[in-house]
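Each chain is listed here by its residues.
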Amino acid sequence: MTPQDPTTYSDLEQGKIKHIDFRIRTDFSSRTLDIEATYQMQAPVHGSLFLDTFKLSVKDAQVNGRTLAWELDEEDDVLGQRLHLKGLDGADKFTIRFSTSPESRALQWIDAEKTAGGKHPFLFSQCQSIHSRSIFPCQDTPSVRFTYSAEVEAPKGLTAVMAAEQLPASNGSGKFGFQMPQPIPSYLFAIGIGHLVFHEFGPRTGIYAEPETIQAAAWEFAENETKMDEAEKLLGPYMWGRYDLLVLPPSFPYGGMENPRLTFLTPTSILGTRGQTSLITHELAHAWTGNLITNATWQDFWLNEGWTTYAETRITEVLEGKDSHDLHDAYNEKGLIKFMTERLGMDSPHTCLKLPGDEKDSDSFTTTVAYYKGCFFLKECELVVGRERFDAFIQKYMKRFQFQSITTETFLDFLKAELPEVFEKVDVHKWVYEPGLPERKNRPQSHLFDEVGKVLSDYEQGKRPTKEQVADWHRYQIMSFLNGLPKKIAVEDCKYFEDILELEKANDGAFFSPFYTICVVSGYEEAMPRIEKFMGTVGRMLYVLPIFRAMIETDWSKELARPLFEGVRDRHHQITIKAMDGLLKKNGL
Ligand code: BES
Ligand code: ZN
């Protein structure tokens, strides 16, 4: 059965793409990719085929040596344009030539001076959730999986990488060959081009970065080979061959993106402390939960992110111990409740795990609810059957649905067949289909989190913590503290906390984001130059958007928001620009 997906123009009754062969030429001066793509369908197509596109300029389409008629329909700001291929007459293979737009939502073209080395330009893609269509015409829904091969021509001196298997390079030709033999959904297509070097961690793992950052990056993530072993113990064999990382320029809009074989990573995770390696645990876990078993539609997003967050917490427990796990859990719960109450409303349909099916802009409804409510639901299931049985269930689930895209309902049917008592002891319907957060039985106590809670309540009584009190705090304790502070505090206290927590020294975006948000609301105007610098160098939306939202909502800084945005705009990704501009417009700025 084909699930309904409001985020695509494709009609899967017409047939499905099986394989795409790409010839890609990169042009940094015009900021375009020139592409010839040959599509192999699963079965002959009779009549029309609809594909998703976004600002692509289509040159021609060929089938069996003849020209194929095509038409691009009206443009929609979210979905792009439907490409209508006409008269396929039973063909199962055709070729389209096209080029991408400099405004492609999936591609970010970075001038040399904005990279770490400053001498060579950089290009990277970010396709999740519906941006592949701005690189190539496709059935841009996670329910369609295809394999691909690619030849990429990059400018001299630059290296091309893809989230695929690298074929032996023909030396110095500037041409790079790739193949992805495992079927992937379109959103996992990924490419990066830059002045890159490689460092190997172990037989299956390594990292690509600019020469200027490789050393620090290699140290930060040196535990990856061990992490792979732990992940396999929980989730079963790793099915993708290698697991490498690619460090991107700071404008990358996410922390990490689980592109198969090659996680794309923000450089803001290189802290010099290995403090943010749970980000890698998360992206690595996606190799199973997300990439091996994929949400069939974005309404089932929790199947990707909830399962991944669950796996992340299990692996963290093994690698960092129970105290750290429990602290993460408490922090995540607090954050989820805050997000649900302050941003969505507890009875909003967006607090359900299964999301409403009537919206087309999936980037706007895929929120942290899927991550943490999804994870907490799975923890409840684990509690009632016991860890041993749940672990056996996980391994069976991975095998049963590998390389498939499934809906929430398919998952629940499997859960019911394998662990029927879950349905007797957990209110599955309530967790999945009803808004809000049901009460949890599997809710660990975290003494590290409680310690922060005590400091926060003392502060609200007028007693500030001493420097000694916070000196040995775990990174998540500092995050819990900053996120737990009242929105508005005395400017003097902003300065005090900045000092005792040594925020400048830590240089951690996860601290700066809540801290600068408080600075704005509290009227700490002296911090503004630093806030501006942060907004111009860090692209991770999770960090940048809360500060920007606070600026827009606070009287003194409201008028500064649009000029600040215009000043940093060309340093950000199209996805971030769209989000920031949307916030300004919504507030009449
Ligand atoms: N797959 C997501 C990133 C994503 C989600 C991109 C939705 C586009 C649409 C990735 O795995 C992720 O969740 N990244 C998080 C980090 C994680 C540790 C919570 C991020 O980037 O903040
Ligand atoms: Zn994720």
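Above this text you will find the structure in question.
What counts as what
Residues numbered from 1 in each chain as written. Chains lettered and ligands numbered in written order. Predicted model: local features only at pLDDT ≥ 70, side-chain atom pairs only at ≥ 80, totals over all residues. Heavy atoms only, no water. Pairing = 2+ DSSP bridges. Helix = DSSP H or I, 4+ residues; strand = E, 2+ residues; numbered from the N terminus. Axes fitted to C-alpha atoms, helices over the stretch in contact; angles between N-to-C directions. Parallel < 35°, antiparallel > 145°, perpendicular 65-115°, else oblique. Left-handed = near helix turned anticlockwise from the far one by under 90°. Contact = heavy atoms within 4.5 Å. Nonpolar A, V, L, I, M, F, W, Y, C, P; charged D, E, K, R; others polar. Donors = N, O, S within 2.8 Å, 3.2 Å for Na, K, Ca; no water. Tetrahedral: all angles 85-135°; square planar, octahedral: opposite > 155°, others 65-115°. Buried < 20%, exposed > 50% of the residue type's maximum accessible area, 1.4 Å probe, protein only. Salt bridge = Lys/Arg side-chain N within 4 Å of Asp/Glu carboxyl O.

**Student:** Outline the sheet that holds strand 20 (residues 262-265), listing residues and values.
**Tutor:** With mixed pairing, the five strands of this open sheet are ordered in space as 16-17-18-20-19. Only two strands of the sheet have a single neighbouring strand rather than two, namely strand 16 (197-200) and strand 19 (256-257). Bridge count between strand 16 and strand 17 (residues 205-209): four bridges; the pairing is antiparallel. Bridge pairing in strand 17 places V197 opposite A209.

**Student:** Quick rundown of the packing of helix 15 (residues 491-500) against helix 17 (residues 509-522)? Include the residues and the values.
**Tutor:** The relative placement of two packed helices comes down to the angle between their axes together with the axis-to-axis distance. Relative to each other, helix 15 and helix 17 sit at 160°, their axes nearing to 9 Å. By the criterion of interaxial angle, the relationship of helix 15 to helix 17 is roughly antiparallel. You can see that helix 15 and helix 17 cross each other, and the crossing is left-handed. Listed contacts from helix 17 to V491, C494 and E498 of helix 15 are F515, I518, C519 and S522. In terms of residue class, the contact of helix 15 with helix 17 is built from five nonpolar, one polar and one charged.

**Student:** Describe the coordination of the zinc ion (ligand 2), listing the residues and the values that go with them.
**Tutor:** Around the zinc ion (ligand 2), the protein contributes the donor atoms H282 (NE2), H286 (NE2), E305 (OE) and E305 (OE), which lie 2.0 to 2.7 Å from the metal centre. The site at the zinc ion (ligand 2) holds six donor atoms, and with the angles between them running 53 to 159°, its shape is irregular. Donor residues binding the zinc ion (ligand 2) come from one chain and are separated in sequence as H-x3-H-x18-E. Across the pair, exposure class does not vary: H282 and H286 are buried alike.

**Student:** Just give me the short version of the pattern of salt bridges, but keep the residues and values in it.
**Tutor:** Oppositely charged side chains may form a pair once their charged atoms are brought near each other. Applying the stated criterion across every chain yields a total of 46 salt bridges. Here R440 ties to D329 by a salt bridge, and the two come within 3.0 Å at their closest N and O atoms. Of the two residues, R440 sits in the loop between helix 11 (428-433) and helix 12 (447-460) while D329 sits in helix 5 (residues 322-344), which places them 111 residues apart along the sequence. Of the residues examined, D329 reaches a relative accessible area of 4% and is grouped as buried. Put simply, K354 and E409 hold a salt bridge, and the shortest N to O gap is 3.1 Å. Taken together, the residues K354 in the loop between helix 5 and helix 6 (362-365) and E409 in helix 9 (residues 408-418) connect sequence positions 55 residues apart. A residue is classified by how much of its surface remains accessible, and K354, at 17% relative accessible area, is buried. Judged by relative accessible area, E409 falls into the partly exposed class, the value being 30%. The network of salt bridges with common partners includes R314, E317, E382, R387 and D391.

Function cannot be inferred from these measures alone, as they are strictly geometric.
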